[in-house]
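# Coordinate inspection notes
The residues making up each chain are set out below.
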Amino acid sequence: MSNNRVSRRQFLGYTLTGVGGFMAAGMLMPMVRFAVDPVLQQKGGGDFVLTDQRAEDVTEEPVRVDFTFEQTDAWYVSEVTNSAWVYRDGDILIALSPVCKHLGCTVNWAGDPEKPNQFFCPCHAGRYEKNGLNVPGTPPLGPLDQYEVEEQDGYVAIGAIKLNTLV
Amino acid sequence: MHFIGKDMDQYLSQQEYVDTAVVPLLELDLSPSGLKSSAGASEYLQSLTALLEKQFRGRILLFPPVTYTSGADRVRLAEEISTEMKRAAFKHVFYMTTDAEWRSVDQLENVLWLPAIPTEHMDRNFKQSVMEDQLRQVLPLFIKEWS
């Protein structure tokens, strides 16, 4: 038998403090969790999607590169395939969005046989220079959007869409 | 554009540019022998028209498929649809279908008949490339009509 025996009063005091502590923590934890929630949210953007286009095969001639990602539309999750026009300018890769800035058709490189060095939109004959600049006098009002692009393990990876920084 | 509320606002403000309607015509055959091919044709037709819409988003308005039963009177249906289409200000109306009976109905102009390809056993990449091949056969018909 040890000398410092715990009295009934002390025992009850410790027990109530411990239980009360747990209860207080049980109430406070969710509150703290809600308060700091914005910090813990995962960022959706900025992820790069790996394509099956080899980076070394990209030349100065734009090629169409498809990339697939999951899109959530309310409760409906679907796989969406988008494409980008990728070409090499010196050492850097450039990826342009194929979505026409007029009404959203898909533009094609050299789609108009008479203008082999421009993007062409078949809907209303909109044209863009290779860097995405809209040709004045055609319907589009702005340059093609640009994608973040990088090389991952020798393959092209496409990232977030941004405004055209080339023009 | 799709026939949805959001796109309609854009359509109403850009009517002079969106001058083409695309109406898929879809046969519903629920007999035990026709069920599966009817479903496959539906999948094919809707994938193809969705791809077409992506390509020509700024010039076409893609309607939801007009679905009718296998015994439906195609001639009467043709008259009803074309009458309704004339109420909107489209310069061109295309009908796309996999149902061979439309080939003998001449009340509708610009009916594009395509044999349905069963795509259910294809993996995603292969299906994508098959559908793009199909799309490439259809695109010139639109460009020709527009020019």
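Heads up: these notes are all about the structure in this document. Note that the structure is a prediction, hence the values are computed from the model and not measured. (Residues numbered from 1 in each chain as written. Chains lettered and ligands numbered in written order. Predicted model: local features only at pLDDT ≥ 70, side-chain atom pairs only at ≥ 80, totals over all residues.)

This part is about the overall build of chain A. Looking only at helices and strands, chain A features one helix and nine strands. Relative to the globule expectation of 15 Å for 167 residues, the C-alpha radius of gyration of chain A, 29 Å, shows a markedly less compact shape. Here the C-alpha coordinates of chain A stretch approximately 100 × 35 × 30 Å along the principal axes. In chain A, which comprises 167 residues, the share counted as buried stands at 25%. Taking as baseline every contact in chain A between residues at least 6 positions apart, the subset at least 24 positions apart corresponds to 43%. (Helix = DSSP H or I, 4+ residues; strand = E, 2+ residues; numbered from the N terminus. Rg over C-alpha atoms; globule rule 2.2 N^0.38 Å. Buried ≥ 20, exposed ≤ 12 C-beta atoms within 10 Å, placed from the backbone. Contact = placed C-beta atoms within 7 Å.)

The subject of this paragraph is the interface of chain B and chain A. Contacts between the two partners involve ten residues from chain B, matched on the other side by ten residues from chain A. When residues of the side of chain B that touches chain A are traced back to their parent elements, those giving at least two are helix 2 (35-55) and helix 4 (124-146) of chain B. Broken down by class, the residue content of the side of chain B that touches chain A amounts to three nonpolar, four polar and three charged. (Nonpolar A, V, L, I, M, F, W, Y, C, P; charged D, E, K, R; others polar.)

All names here are of chain A. The antiparallel open sheet is built from six strands, whose spatial order is 1-9-8-4-3-2. Each having just a single partner strand, strand 1 (49-54) and strand 2 (63-73) make up the two edges of the open sheet. Across the sheet, the mean angle from the axis of one strand to that of its neighbour is 40°, orientation sign disregarded. For strand 2 and strand 3 (residues 76-89), the ladder comprises eleven bridges, and the chain directions are antiparallel. Paired with Gln71 across the bridge in strand 3 is Ser78. (Pairing = 2+ DSSP bridges. Axes fitted to C-alpha atoms, helices over the stretch in contact; angles between N-to-C directions.)

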